[in-house]
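Descriptive structure summary
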Number of protein chains: 2
Amino acid sequence: MLKNNEVKWSEKQEKIANQVLQTAYKRETSALIASIRDRASSITELQDLWYLHDLLSTKRHEIDGKYVYNSSTIVFDFARLVKEGWLNLDELKELKPDMVSKISALARM
Amino acid sequence: MLKNNEVKWSEKQEKIANQVLQTAYKRETSALIASIRDRASSITELQDLWYLHDLLSTKRHEIDGKYVYNSSTIVFDFARLVKEGWLNLDELKELKPDMVSKISALARM
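These remarks concern the structure in this document.

Calculation criteria
- Residues numbered from 1 in each chain as written.
- Chains lettered and ligands numbered in written order.
- Predicted model: local features only at pLDDT ≥ 70, side-chain atom pairs only at ≥ 80, totals over all residues.
- Heavy atoms only, no water.
- Helix = DSSP H or I, 4+ residues; strand = E, 2+ residues; numbered from the N terminus.
- Buried < 20%, exposed > 50% of the residue type's maximum accessible area, 1.4 Å probe, protein only.
- Contact = heavy atoms within 4.5 Å.
- Salt bridge = Lys/Arg side-chain N within 4 Å of Asp/Glu carboxyl O.
- Buried area = accessible area lost by both parts, 1.4 Å probe.
- Polar contact = N/O pair within 3.5 Å; in protein donor to acceptor, adjacent residues only side chain to side chain.
- Nonpolar A, V, L, I, M, F, W, Y, C, P; charged D, E, K, R; others polar.
- Least-squares fit on C-alpha atoms with pLDDT ≥ 70 in both.
- Core = buried A, V, L, I, M, F, W, Y, C linked by side-chain atoms within 4.5 Å.

What follows covers the environment of I63(A). All names here are of chain A. One can find I63 in helix α2 (residues 46–66). I63 gets classed as buried once you look at its relative accessible area, which sits at 4%. Remark: the alpha-carbon pair of I63 and Y25, spanning 38 residues in sequence, is separated by 8.3 Å. If near-sequence neighbours (up to four positions away) are discounted, I63 is found in contact with Y25, E28, T29 and L32.

Residue placement: T58(A) occurs in helix α2. Measuring from C-alpha to C-alpha, the distance between T58(A) and E28(A) comes to 14 Å, with 30 residues separating the pair along the chain.

A complete count under the given rule lists 16 salt bridges over all chains for this structure. For the salt bridge of R60(A) with D54(B), the shortest nitrogen-to-oxygen distance reads 2.8 Å. Taken together, the positions of R60(A) in helix α2 and D54(B) in helix α2 (residues 46–66) put the pair across two chains. Among the salt bridges present, the one from E84(B) reaches R80(B), with a minimum N-O distance of 2.9 Å. Taken together, the residues E84(B) and R80(B), both in helix α3 (residues 74–84) and four residues apart, mark about one turn of the helix.

The next thing to look at is the interface of chain A and chain B. Contact with chain A, which involves 21 residues of that partner, is made by 21 residues of chain B. Summing the contributions of chain A and of chain B, the shared interface buries around 2,100 Å²; its carbon and sulfur component is 69%. The interface formed by chain A and chain B contains twelve residue pairs in polar contact (both at pLDDT 80 or more). Of all the elements in the fold, those that place two or more residues in the side of chain A that touches chain B are α1 (2–41) and α2 of chain A. Among the elements that line the side of chain A that touches chain B, the one with the most residues is α2(A), at ten residues. A per-class count over the side of chain A that touches chain B returns eleven nonpolar, five polar and five charged.

Here we come to the relation of the copies chain A and chain B. Take chain A, turn it by 180°, move it 0.0 Å along the axis, and it overlays chain B with an RMSD of 0.0 Å. The transformation just described matches what one would write down for a two-fold rotation axis.

A few words now on the nonpolar core. In globular proteins that are soluble, nonpolar side chains generally tend to be buried together. Counting residues in hydrophobic clusters, the biggest one holds 62 residues, and the most contacted among them are F78(A) and F78(B). Contributing elements (two or more residues each) for this core: α1, α2, α3 (74–84) and α4 (97–107) of chain A together with α1 (2–41), α2, α3 and α4 (97–107) of chain B. Sequence-distant contacts of F78(B), defined by excluding residues within four places in its chain, comprise A17(B), V20(B), L21(B), L87(B), L92(B), L95(B) and I103(B).

Here it is as structure tokens:
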């Protein structure tokens, strides 16, 4: 019974978690696009162009792994997104309260 | 005597070759900066941003090796630059005529 409840909760929570993850993903990638467009518009030297390339390499690598839902790391992933400003705690309110508390505590560390 | 002449010619010619190489370098890198600025300004999707990243990776790799003076490949290097439009044959006129002929022939291949 407990196990069934847990599975049912987990599926619902996973769906919510994925939606929240998508919100943060869209927010971070939109901000990245805006920041790259802005930075690119003022480039006049080749070294600035290679700096832009380095920045894109780092961001691409970072973003590639960051938004893949993983049930064993999602609490830490959300805490990181809150800490970085891509999510606020209000947006997690549909998740179970103990999960939100954990995320909130981790985000303050 | 022949060898001495050859060395003397070579030093002068190398200096000219390096200047011409710099002209093409400035021309290609300025065009690249302008093209990246232009392309970046119209990016709205993440996949376009990653395409820009791929393009920068390719161009950086290409340009890194392309403008290093190498006496054994310079004729081919100039032919390539002429073919790509970064140099025109008129700009090579201070080089020895037989060198210009070789470059011109290679650029037409």
